[in-house]
Amino acid sequence: MTSTAQDAVSETAANAFIFGFPLVLMDVTRAVLTNTPRPTGKQAPVNQFGHLRKFPDAEFRDVVSPNADTLYSSAWLDLSSEPVVLTVPDSGGRYYLLPMLSAWTDVFASPGTRTTGDDARSFLIAGPGWRGEVPPELHTIDAPTSMVWVIGRTQTNGTADYPAVHEFQDGLSLVPLSAWGTDYQPPVDVPLEPGVDTGTPPVTQVKDMNSDAFFGRLARLMTANPPAVADAPVMATFESIGLVPGAYSPPPEIAAEIAAGARHGLEMLLASATQPISLTPEGWQQLRGLGSYGTRYGMRALIALVGLGANLDADALYPHATVDGDGHPLTGSHDYRVRFAAGETPPAEAFWSLTMYDSQHFFIQNPIDRYAIGDRDDLTVNDDGSIDIWIQHSSPGPEREANWLPAPAGPFNVFLRVYRPGERILSGDWRPPAITRVR
């Protein structure tokens, strides 16, 4: 085989790795998060909800960049045998969203306040190719894959709001279509799936796969979770390395090149995660167009790697800052201010918050147990209508403490979370103001 031919095989294998990474990672994540006999919070058996009942605190280390705005309700659906009916109670005006991710990590539906309103309703979620009679009281959602991840988020206005949010969470239910209308109870003591590694992070498990394991799993998964029609051109190129939905049969004479190409694909993906993101003039970075990737395979894989489960822009935007307005890294050795001019707070149709993280993207222990601050807090407003948020390690004093976001002593970063962003921020007409050093 010529060096040119070897390079072509390696390139195809690298492209196939990046293409398939989100699907394989989703499946490993599903296996880990559903391998439990009954719901435990972050884990739940297939077709059952697991609910987080409280905000993470400074001791929480399960996931990076946790939030203190919403309580999560998560469910993995298996639609391969029949549809599942999702019932949502009346939210009483409380903002919620239930984005549904395909096995390829695209958000194909997002029931909730923004799209379907706050009234009680039930949805029939059907997998690819399902044909059947739909009860008239159900709203049909067609899923493009048999594997679906529902990542629900319910607005939570502080710890005192927990009981009301728990009541809403408990009203969420999943029922197989064949049991719809009966006194269905989800199974308990569900048998565990043998051989599932629940101790190693899913991303690490996928990184450690050899090319045969990775592409073999990818091929099997593509049967029930078919690539999109738009993927046909790139799928045609993968046939040369023996990769098609349902089967992986690599020609033995190019096995070494395939293995090298898969490793190179992983290296390219990891390298992309370290690339700087362009900043706004005020020093903020923001990825756009998440949750719907089309043929942007590199972006889809990158977001799966660093932020699996990303929302659509229309549901939430998360501008991120690691530097102040002058481009200097944020650190608790200095004091900062974020000033929102009168009428210029983040244009959120639901709510917004500014959340503090340490250099490892975790919450920080602080004397007032405050990890985020936003429009649901009793903020002090200046005489001219502007609002100052004080970001610093030590208290800014009693007269400013209502607007204080405590920082660690060392490096930190902040996320501005904007839920149901308005047109001004979606269009780019509004940008977060600079974080200004005041000491």
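Position numbers for residues count from 1 along each chain, tracking the sequence in the order it is written. At least 70 in pLDDT is required for a residue's local features to be given in this predicted model, at least 80 for side-chain atom pairs to be given and counted, and no such filter applies to totals for whole chains, interfaces and linings, which use all residues. The side-chain quantities take in all heavy atoms of the structure and omit both hydrogens and water.

Under an unreviewed UniProt entry, the name given to the chain is DUF1254 domain-containing protein, and the source organism is Conyzicola nivalis.

Some details on the nonpolar core
The line we're drawing: Here, the term nonpolar core denotes a set of buried Ala, Val, Leu, Ile, Met, Phe, Trp, Tyr and Cys residues that are joined through side-chain atoms within 4.5 Å. Working definition: with a 1.4 Å probe on protein chains only, accessible area under 20% of the residue-type maximum means buried, over 50% means exposed, and in between means partly exposed. Numbered from the N terminus, helices here are DSSP runs of H or I no shorter than four residues, and strands are runs of E no shorter than two. Should any heavy atoms of two residues lie within 4.5 Å, those residues are counted as being in contact.
Core analysis: the biggest nonpolar cluster contains 47 residues, and Phe 21, Phe 215, Leu 218 and Leu 243 have the highest contact counts within it. Those elements giving two or more residues to this core turn out to be α1 (3-34), β9 (147-155), α5 (211-224), α6 (232-238), α7 (255-272) and α8 (297-307). When residues of this core are assigned to their parent elements, the largest contribution, 14 residues, is made by α1. If near-sequence neighbours (up to four positions away) are discounted, Phe 215 is found in contact with Ala 13, Ala 16, Phe 17, Leu 243, Tyr 248, Ile 258 and Ala 262. In this structure, Trp 284, Leu 330, Val 338 and Ile 435 belong to the second largest nonpolar core, which totals 25 residues.

Quick notes on the sheet that holds strand β7 (residues 121-126)
Within a beta sheet, neighbouring strands are joined by backbone hydrogen bonds and run either parallel or antiparallel to one another. In plain terms, the rule: Strands qualify as paired when DSSP identifies two bridges or more between them. The angle between two axes is taken between their N-to-C directions and runs from 0 to 180 degrees, where each axis is a line fitted to C-alpha atoms and a helix contributes only its stretch in contact.
Pairing in this open sheet of four strands is mixed, and the strands run β8-β7-β3-β10 from one edge to the other. At either margin of the open sheet sits one strand with a lone partner, and together these are β8 (139-142) and β10 (173-176). The sheet shows a mean angle of 25° between the axes of neighbouring strands, taken without regard to direction. Sheet analysis places β7 next to β8, joined by four bridges and oriented parallel.

As for the environment of Ala 13
Following the sequence through the fold, Ala 13 ends up in helix α1. In the structure, Ala 13 is positioned 247 residues away from Ala 260 in sequence and 8.1 Å away in space, judged by C-alpha atoms. Residues contacting Ala 13, with those up to four places away along its chain left out, are Phe 215, Ile 241, Ile 258, Gly 261 and Ala 262.

Quick word on the side chain of Ser 91
Turning to its location among the elements, Ser 91 is positioned in the loop between β3 (84-88) and β4 (96-97). Look at Ser 91 and you get buried, because its relative accessible area is 8%. Setting aside anything within four residues of it in sequence, one finds Ser 91 in contact with Tyr 96, Asp 118 and Phe 168.

Some points on the packing of aromatic side chains
Let me state the cut-off plainly: Within 6.5 Å between ring centres, the rings of Phe, Tyr and Trp (the latter by its six-membered ring) count as paired, and their orientation is classed by plane angle as stacked under 30 degrees, edge-to-face over 60, tilted in between. Look at NZ for Lys and CZ for Arg. If either is within 6 Å of the ring centre and within 35 degrees of the ring normal, a charge sits over the ring.
Scanning the model with the defined rule gives 18 aromatic pairs in all. Consider the rings of Tyr 336 and Phe 412, whose centres lie 5.8 Å apart with planes at 80°: the pair is edge-to-face. Of this pair, Tyr 336 sits in strand β15 (residues 336-340) while Phe 412 sits in strand β20 (residues 412-421), and the two are 76 residues apart along the sequence. Here Phe 412 falls in the buried class, since its relative accessible area comes to 4%. Here a set of aromatic residues connected by ring pairs shows up, and it is made of Phe 17, Phe 21, Phe 214, Phe 215 and Tyr 248. Over the ring of Phe 19 we find Arg 300; its NZ or CZ atom is 5.2 Å from the centre of that ring. The ring of Trp 390 carries the charged tip of Arg 400 above its face, separated from the ring centre by 3.9 Å.

With respect to the sheet that holds β15
Ordered in space as β19-β18-β15-β21, the four strands form an open sheet in which the pairing is mixed. The open sheet has two edge strands with one neighbour each: β19 (404-406) and β21 (436-437). Where strand β18 (residues 387-392) meets β19, three bridges bridge the pair, whose relative direction is parallel. Counted as the bridge partner of Trp 390 is Trp 404 from β19.

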